[in-house]
Amino acid sequence: MLTKPEMNHASAAEAPAKPETNVSFADLGRVGEHSLVGRYMRRFWQPVAHSHDVAVGRSKSVRYFNREYVIYRGQSGAAYVVDPHCPHRATPMVAAWIEGDDLRCVYHGWKFASSGQCIEQPAERKSFCDKVKLRSYPTREYLGLIFAYLGEDQAPAPDFPTYSRFDGENINLQFESYTRPSNFFNNLENLGDLSHLAYLHADITGRWDEYRDGPVITAKENEWGVEFRGERPVSGNKIVQYVGMPNVAYVKGPPNDQAVAFREFIAWWMPIDDDHHIQFTVVIVRLGAEEFAGYMAREDERKRKLTMNDDATREMLADKMLSGELRFDEMDAEKVKTLWLTDDFAQKGIGNPANRPPEIMGTADIGVALCRKVWLRELKKLAKGEPLKEWKFQESYEARGDYLS
Ligand code: FES
Ligand SMILES: [Fe+2]
């Protein structure tokens, strides 16, 4: 008869060995299409452009997960996302003629339906169209963005997530997207890093007395991702914001207009390559059409003065900060959004997770630590082929941004 330890030993030996996974923080820095991050993020619908970026009859080349895609809008008004090279001899499809909702390659005229199926091969006496396909990705437009499902070929697209609190009556949308020269995860974990507000962004948030009324910072995993809270013990003011897995933010930022109490937005961080990402920001402006027009006129006026706020100029300024040429108190807040520039500096400067210097974390870093823990847990499951957690936004969530003063 076997003793208990022997039985355990015997059954362990018979059990099929689980594949070993060696997933670490460094993996969050690698975003290529076939990296763990790329494979995980491509299981979700992702934004690839603003709807207004692609006019009827026009195409746009975009780069995500360290590879290219082409977006075009057919004559019917529908937007499509396809692979960037013609399957014949690799000519860039961004230049293809848009005929109805089909694409005709400019090199030898092969024509592709919006499904990607080849439907004409003009120079072929005996065409073999049925054997040729340009890969085409499921596409949806929502909240002023073009979304695509970029998942593995043949994998069915998941249900498209909608957010009724952002697409209801009397809501107008404003777009405040930007490109940042840092890994996308630096921005994601920055959202959970509440204690940086009073220092990196002190010009906007003010510098509260950390010992008397500094926020008590907590974070917890929820049904959608991670919720971050900072509650100030004396004033009772608080900040509540969310990361939805894998790469969505729901935030109420500081107000910047007399008609809007907080700058409420939902945003997606899209990796371009290991060291660049786009934040697609959709600001939810809860004003009727007339008030919204007034708000946008004031916004346009404010933006006219921001002559140094385009992505390229901000990167140049961030580089000057990184070289010591430009100091924080020398930023011109009239010409550049200091909130963005200081985050550009920090998120580029701390470097990619794959080669970041060692960090020493404290209790106030709980939000950062939890983002990493949740992400790495899911990547490990993906690597092992185990079932992944399903994520869902809850209508009960309520971001808050009244942490100032
Ligand atoms: S390369 Fe596109 S038709 Fe030949
Ligand atoms: Fe920040």
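The rules we used
Residues numbered from 1 in each chain as written. Chains lettered and ligands numbered in written order. Predicted model: local features only at pLDDT ≥ 70, side-chain atom pairs only at ≥ 80, totals over all residues. Helix = DSSP H or I, 4+ residues; strand = E, 2+ residues; numbered from the N terminus. Buried ≥ 20, exposed ≤ 12 C-beta atoms within 10 Å, placed from the backbone. Contact = placed C-beta atoms within 7 Å. Domains from an automatic or database assignment. Nonpolar A, V, L, I, M, F, W, Y, C, P; charged D, E, K, R; others polar. Pairing = 2+ DSSP bridges. Core = buried A, V, L, I, M, F, W, Y, C linked by C-beta atoms within 7 Å.

Re the environment of Met 321
With respect to the secondary-structure elements, Met 321 resides in helix H8 (residues 311–323). Judged by the 20 C-beta atoms lying within 10 Å of it, Met 321 is buried. Separated by 180 residues in sequence, Met 321 and Glu 141 have C-alpha atoms that sit 38 Å apart. Excluding residues within four positions of it along the chain, Met 321 makes contact with Leu 326 and Phe 345.

What about the domain arrangement of the protein chain?
When its domains are assigned, the protein chain resolves into domain 1 (47–148) and domain 2 (172–402). The straight-line distance from the C-alpha centre of domain 1 to that of domain 2 is 34 Å. Taken together, the contacts link nine residues of domain 1 with 11 residues of domain 2. Contributions of two or more residues to the side of domain 1 that touches domain 2 are made by strand E1 (46–50) and strand E2 (59–64). Partitioning the side of domain 1 that touches domain 2 into residue classes produces five nonpolar, three polar and one charged.

A closer look at the sheet that holds strand E4 (residues 79–82)
Neighbouring strands of a sheet are bound in pairs by backbone hydrogen bonds; such pairs are parallel or else antiparallel. In spatial order, the strands read E2-E3-E4-E9; together these four strands make up an open sheet with antiparallel pairing. The open sheet is flanked by E2 and strand E9 (136–137), the only strands paired with a single partner. Both E4 and E9 contribute to a ladder of two bridges, which runs antiparallel. Its bridge partner being in E9, Val 81 is matched across the sheet by Tyr 137.

Some points on the nonpolar core
Val 48, Ile 71, Met 93 and Ile 146 are the most contacted members of the largest nonpolar core, which totals 79 residues. The greatest single-element share of this core, amounting to seven residues, is contributed by strand E18 (residues 263–273). Split by domain, the residues of this core number at least three in each of domain 1 (47–148) and domain 2 (172–402). Once residues within four sequence positions are removed from consideration, Ile 71 is found in contact with Val 48, Ala 49, Val 54, Ser 59, Lys 60, Val 62, Ala 79, Val 81 and Ile 146.

What about the pairing of strand E16 (residues 238–244)?
Working note: regular strand, side chains alternate between the two faces of the sheet. Most of E16 is tucked away: six of the seven residues are buried. In this sheet, E16 lies alongside strand E15 (residues 225–231) in antiparallel orientation, the contact comprising seven bridges. Across the sheet, Gly 230 pairs through a bridge with Ile 239, a residue of E16. Hairpin connection from E15 to E16: six residues lie between these consecutive antiparallel strands, with Gly 236 at a positive phi of about 80°. With three bridges joining them, E16 and strand E20 (residues 400–402) adopt antiparallel strand pairing. Pairing of Ile 239 across the sheet is with Gly 401, part of E20. In this sheet, strand E17 (residues 248–253) lies alongside E16 in antiparallel orientation, the contact comprising three bridges. Bridging across to E17, Tyr 242 finds its partner in Tyr 250. Here E16 folds back onto E17, and the loop between the two strands holds three residues.

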